[in-house]
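# Architecture at a glance
Single-letter residue listing:
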Amino acid sequence: MSLFNELKRRNVFRVGVAYGITAWLLVQVADILLETFSAPEWTMKFIVVALLIGFPLALFFAWAFELTPEGVKREEDVDRSQSIVNQTGRKLDRAIIGVLVVALGWFVWDKFGQEKGSEPFSQQAQAVSSTADEKTALTPSEKSIAVLPFTDMSAEGDQAYFGDGIAEEILNVLVKTRQLKVAGRTSSFQFRGDALDLREIGEQLGVDHILEGSIRKAENRVRITAQLIQTDDGFHLWSETYDRELNDIFAVQDEIARAITDALAIELDIAGSGKLAPVQTTNMAAYENYLEARGLVSNRSEFTRAIELLQEATAMDADFAEAWAMLAQANALSFYYGAKEKPDAVRAAELNARHAIQLDPSSAEAWSALGDAVRDQSRWNEAWDAYTKALEINPDSVETHSQFGQMLMRLGHLDEALNHTRRAAEIDPLSWVYQGIYGVNLWMLGKDEPAWAAMRKSSQLAGNPRSVMTRLQLRMALEEGNRLLADEIINGFARNPDMTDSTDIMHFLQLGPLLDQPERAREYLRSIDITQQKDVNIEMYWTVYFDDMDLAREWFGALLSVNPDSVVVDWIWLQFQSLAPLRNLDEFRQLLQLYHHDDFWRKHGWPAYCRPAGPVDFTCGGETGS
């Protein structure tokens, strides 16, 4: 008998096939179990080596021994007439088929069955439904990506900041890649711990790729897993696991971010993403403070807490430029949310921003915060230059686009503003702030339907009613003559248990019930000392709504007599069409001059409602222009 036939008769081939399939399946299972129990890296290597050594041993055993009814015997001791190798072969065939089915099922599940959530999103939740005008999805671009926060799977659950740091580093590199659209941090990080289908996340963020990952720390070692997923079908394009000693957490963070972005450049067929920014701090406590504060500022909440955290961070590391830039932004926004008085806030913001620029002149965040600070001191041309510089450094700086857009809205450049407010909403589609600003910009341009869709989306994303956006919605409803909606907005916000701001109380508790009682409303308005109000032009709206132009003239006169730095005249409100009669007042023109609007307009162009009148003067009146 030939050697081939003898190998076949003794079931050596069957044993080899069965062993190979079973070994492959064992490796797959071991990979998951070992990671779950944070086994040392050498454990998997040991298993693979043991299985490789076992393969020739299994073949030798099949050749040299035979399973008989009396037990295992040497093949040469078995009477051929009593041999049951054929029966054993049939049992092996059935075993091979069974193991093969299990292995095939595992393979299919691994490649296709995880499309509803890989490791960080293994538990699925029902997708959030919405009406057509509330749909938050954007159309994915050809090459686009969102970087989700890396999930902390450590037993202690104390590595979230490390996962955020890696995701941040990757984001910072990818946004420099011109061929790639990168979803903003605020939107991407909203899915922390979420269980949505990755395809749903891709649809909401308007991207066709998602990078997700996990962090698992055990003693002084860390395992980082990253995977790139195609959102239309959940297909895993690339994945990698990195095991490192955690002697220098920032060095590991830098190394892993570099390795992942290099791999993504190859996988997505894009040019190299550029160099990673140098590590700005090696002080872990300062870094943790910075991360927490940035989250608060992004969500426009707890500004006092955010400022305290950032002051501590900069005290711990005086050269931490990113923390100085974030402190500048927190101060610049704080007075809009009642956390600080305007003069103190803008002065601190400017000092912080200039210090951050001195430490890192390439910080788009620092230049953007400087723009905020000088804008709110009516130094419009300086703000224009600062915002432009920020966008030269990072054309997709979402905060810069939003704040620059708001400035242009205040100055009556509504079309140009829309280029920026729209871009902010595209980059960070799940930010209630950017959606709301985009919505009001659309509405001022007469695009009512998409404007209301954006405003509803803003409310949905914010969860709790937000003061500024709710007041904007109230004006929009009143200007459209939609009293039913206006009453719904007033009553909804009046039930807000957190309503303590005096401006909100005036709107929703005092004037709200007086919409049909103009005499009583005017009486109430005349009881207000305008010079003691922080948000002056919010009250200006009501003087026109209740047809009291004499009171409007008095209030404009009062504003002309106080320090412009001490009050907030948010000129966005004066772009509402119903406030057009105010532009015919000479006091209105004087106020614009006091706040240096004409300096900006002479350099960057006049709005439709004002025009130059000689080298130093100008006149105003008429309709809102674009």
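Description of the structure in this document.

What counts as what
- Residues numbered from 1 in each chain as written.
- Predicted model: local features only at pLDDT ≥ 70, side-chain atom pairs only at ≥ 80, totals over all residues.
- Heavy atoms only, no water.
- Helix = DSSP H or I, 4+ residues; strand = E, 2+ residues; numbered from the N terminus.
- Contact = heavy atoms within 4.5 Å.
- Areas by Shrake-Rupley, 256 points an atom, 1.4 Å probe, with all protein chains shown as cover.
- Phe/Tyr/Trp six-rings, centres within 6.5 Å; stacked < 30°, edge-to-face > 60°.
- Buried < 20%, exposed > 50% of the residue type's maximum accessible area, 1.4 Å probe, protein only.
- Disulfide = S-S within 2.5 Å.
- Salt bridge = Lys/Arg side-chain N within 4 Å of Asp/Glu carboxyl O.
- Pairing = 2+ DSSP bridges.
- Expected span 1.5 Å × (residues − 1).
- Arc of directions from axis to C-beta.
- Patch = residues over 30% accessible without salt bridge, like charges linked within 9 Å, V, L, I, M, F, W, Y side chains within 5 Å.
- 1 Å grid on protein atoms, 1.4 Å probe; cavity = no way out; pocket = protein on both sides within 12 Å on 5 of 7 lines; lining within 4 Å.
- Points joined across faces, edges and corners; volume = space filled by probe spheres on them.
- Core = buried A, V, L, I, M, F, W, Y, C linked by side-chain atoms within 4.5 Å.

## With respect to the overall build of the protein
Along the protein, the regular secondary structure elements total 26 helices and 10 strands. By sequence separation, contacts in the protein at least 24 residues apart represent 65% of the contacts at least 6 residues apart. Accessible surface, the protein as shown: approximately 28100 Å² in total, 54% of it carbon and sulfur.

## Re the packing of aromatic side chains
Enumeration according to the criterion identifies 19 aromatic pairs in this entry. Ring geometry for Tyr 541 and Trp 542: centres 5.4 Å apart, planes at 85°, overall edge-to-face. Consider the rings of Trp 601 and Phe 618, whose centres lie 6.2 Å apart with planes at 80°: the pair is edge-to-face. Pair noted here: Trp 601 is in helix 26 (residues 597-604) and Phe 618 is in strand 10 (residues 617-620), with a separation of 17 residues, a long-range link. Residue class for Phe 618 comes out buried when judged on its relative accessible area of 0%.

## Here's the deal with the state of the cysteines
Enumeration over the complete set of coordinates arrives at one disulfide. Through a disulfide, Cys 610 is tied to Cys 620; the S-S separation comes to 1.9 Å. Its S-S torsion of about 105° marks the bond between Cys 610 and Cys 620 as right-handed, since a negative value means left-handed. Of the two residues, Cys 610 is situated in strand 9 (residues 610-613) and Cys 620 in strand 10; the sequence distance between them amounts to 10 residues. Here Cys 620 falls in the buried class, since its relative accessible area comes to 16%.

## Here's the deal with the side chain of Thr 421
Along the chain, the position of Thr 421 falls in helix 16 (residues 414-427). Look at Thr 421 and you get buried, because its relative accessible area is 1%.

## Looking at the pattern of salt bridges
Scanning the entire structure with this criterion turns up 21 salt bridges. Across the pair Arg 223 and Asp 243 runs a salt bridge, and its minimum N-O distance is 2.7 Å. Residue Arg 223 is found in strand 7 (residues 221-230), and its partner Asp 243 is found in strand 8 (residues 236-245); the two are separated by 20 residues along the sequence. The same class applies to Arg 223 as to Asp 243, namely buried. Linking Arg 347 and Asp 344 is a salt bridge whose minimum nitrogen-to-oxygen distance equals 3.1 Å. Pair noted here: Arg 347 and Asp 344 are both in helix 12 (residues 342-359), with a separation of three residues, about one helical turn.

## Section: the pairing of strand 3 (residues 144-147)
Here strand 3 shows no split at all, with Ser 144 and Ala 146 on one side and Ile 145 and Val 147 on the other all buried. One ladder, built from two bridges, connects strand 3 with strand 5 (residues 181-182); its direction is parallel. Paired with Ile 145 across the strands is Val 182, a residue of strand 5. Pairing of strand 3 with strand 6 (residues 209-218) involves three bridges; the strand directions are parallel. Looking at strand 6, one finds that Ile 145 is bridged to His 209.

## What about helix 24 (residues 549-560)?
Taking 1.5 Å per residue, 12 residues should reach 16 Å; helix 24 reaches 17 Å between its end C-alpha atoms and fits that length. Those residues of helix 24 that fall on the buried side of the exposure criterion are Leu 551, Ala 552, Trp 555, Phe 556, Ala 558 and Leu 559. Taken around the axis of helix 24, the buried residues stretch over an arc of 160°, which confines them to a single face.

## Overview of a nonpolar patch on the surface
A cluster of nonpolar side chains, namely Val 49, Ile 53 and Leu 57, defines an oily patch on the protein surface of about 290 Å² accessible area. By the element assignment, Leu 57 lies in helix 3 (residues 41-64). The exposure class of Leu 57 is exposed, given its relative accessible area of 54%.

## Quick notes on empty space enclosed by the protein
In this structure the tally under the stated criterion is four cavities of 30 Å³ or more. Within this model, the largest cavity holds a volume of roughly 350 Å³. In terms of lining, the largest cavity is formed by 23 residues, of which the most central are Tyr 336, Tyr 337, Gln 406, Val 468 and Asp 570. Among the secondary structure elements, those contributing two or more residues to the lining of the largest cavity are helix 15 (398-410), helix 17 (432-444), helix 19 (467-479) and helix 23 (536-545).

## Points about the nonpolar core
Within the largest apolar cluster, 114 residues are counted, with the highest numbers of intra-cluster contacts made by Met 407, Trp 542, Trp 571, Phe 576 and Leu 582. For this core, the element with the most residues is helix 17, which contributes nine residues. Here Leu 582 is in contact with Met 540, Val 544, Met 549, Ala 552, Phe 556, Leu 574 and Phe 588, once residues within four sequence places are set aside. Residues Phe 162, Ile 166, Tyr 242 and Ala 263 belong to the second largest nonpolar core, which totals 28 residues.

## Quick look at the environment of Phe 335
Summarising the element assignment, Phe 335 is placed in the loop between helix 11 (321-334) and helix 12. Given a relative accessible area of 6%, Phe 335 falls into the buried group. Remark: the alpha-carbon pair of Phe 335 and Ala 345, spanning 10 residues in sequence, is separated by 6.4 Å. In contact with Phe 335, other than residues within four places in its own chain, are Lys 340, Glu 341, Lys 342, Ala 345, Val 346, Asp 376 and Val 568.

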